[in-house]
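Coordinate inspection notes
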Amino acid sequence: MNENRRYDLEQRLIDFAVSVLKLVEFLPDDRGGTHLANQLVRSGTAPALLYGEAQAAASRNDFIHKMKLGLKELRESQINMRIIEKREMLNNAVVPSSILTECTQLVAIFSASIETAKRNNIKAKV
């Protein structure tokens, strides 16, 4: 991966994490809002951190493992945001489509990266 593309993904993940942190500030201070805020803070910030770990992976298998964890967290974030939206926890406002779109795009990027790494792993073994 060239340096600019790596930085772009890293920056996108950081920006996504910041967007998540901003979003949770608008959740109600009740039991459900607090629970989903805590969940979303963890799942929405973890992919940036896991991507950083993946860049320093000890092996291709370690890279794949860390990227899979990041993908899991992104999917969890999507579902958390959909619950927030469906429950109308933002005072009848919807989760900004830009953050859901970015999350969907990040899921696609992580999925593609994992598949590429798996293919390269198989080629390296042959």
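A quick note: this is a predicted structure, and the numbers were derived from the prediction, not measured.

1. Quick notes on the overall build of the protein chain
What the protein chain contains, in helices and strands, is four helices and zero strands. Taken from N to C terminus, the helices and strands of the protein chain fall in the order α-α-α-α. Considering only C-alpha atoms, the protein chain reaches an extent of 55 × 25 × 20 Å along its principal axes. Sequence separation of 24 or more characterises 74% of the internal contacts of the protein chain that already satisfy a separation of 6 or more. Positive and negative side-chain charges of the protein chain, numbering 18 and 15 respectively, have mean locations separated by a distance of 9 Å.

2. Overview of the confidence of the model for the protein chain
Predicted coordinates in regions of low pLDDT should not be interpreted in detail. In this model, the protein chain carries a mean pLDDT of 92, and residues with pLDDT of at least 70 account for 93%. In the model of the protein chain, helix α1 (residues 3–24) stands out as the element of lowest mean pLDDT, 88, in contrast to helix α2 (residues 31–55), which has the highest, 97.

3. With respect to the packing of helix α3 (residues 60–86) against helix α4 (residues 97–125)
The axes of two packed helices give the description: the angle between them and the distance between them. Following both chains from N to C, one finds α3 and α4 inclined at 160°, their axes separated by 9 Å at the closest point. Accordingly, the angle class assigned to the pair α3 and α4 is roughly antiparallel. Where α3 crosses over α4, the handedness of that crossing is left-handed. Among the residues forming the contact of α3 with α4, the class breakdown is 15 nonpolar, nine polar and five charged.

4. Examining α4
The end-to-end C-alpha distance of α4 is 42 Å, a good match for the 42 Å that 29 residues give at a rise of 1.5 Å each. Within α4 the residues assigned to the buried category are I99, L100, E102, C103, L106, V107, F110, S113, I114, A117 and N121.

5. Some points on α2
With 25 residues, α2 extends 37 Å from end C-alpha to end C-alpha; this agrees with the ideal 36 Å at 1.5 Å per step. Of all the bends found along α2, the most pronounced is centred on A46 and spans about 35°, while P47, a proline, follows it within four residues. Capping the start of α2, D30 holds a side-chain oxygen 3.3 Å from the backbone nitrogen of G32, two or three residues further along.

Scoring rules and cut-offs
Residues numbered from 1 in each chain as written. Predicted model: local features only at pLDDT ≥ 70, side-chain atom pairs only at ≥ 80, totals over all residues. Heavy atoms only, no water. Helix = DSSP H or I, 4+ residues; strand = E, 2+ residues; numbered from the N terminus. Contact = heavy atoms within 4.5 Å. Lys, Arg positive; Asp, Glu negative; His and termini not counted. Charge placed at Lys NZ, Arg CZ, Asp CG, Glu CD. pLDDT = per-residue confidence, 0-100. Axes fitted to C-alpha atoms, helices over the stretch in contact; angles between N-to-C directions. Parallel < 35°, antiparallel > 145°, perpendicular 65-115°, else oblique. Left-handed = near helix turned anticlockwise from the far one by under 90°. Nonpolar A, V, L, I, M, F, W, Y, C, P; charged D, E, K, R; others polar. Expected span 1.5 Å × (residues − 1). Buried < 20%, exposed > 50% of the residue type's maximum accessible area, 1.4 Å probe, protein only. Bend = angle between axes of the 7 residues up to and from the residue. Polar contact = N/O pair within 3.5 Å; in protein donor to acceptor, adjacent residues only side chain to side chain.

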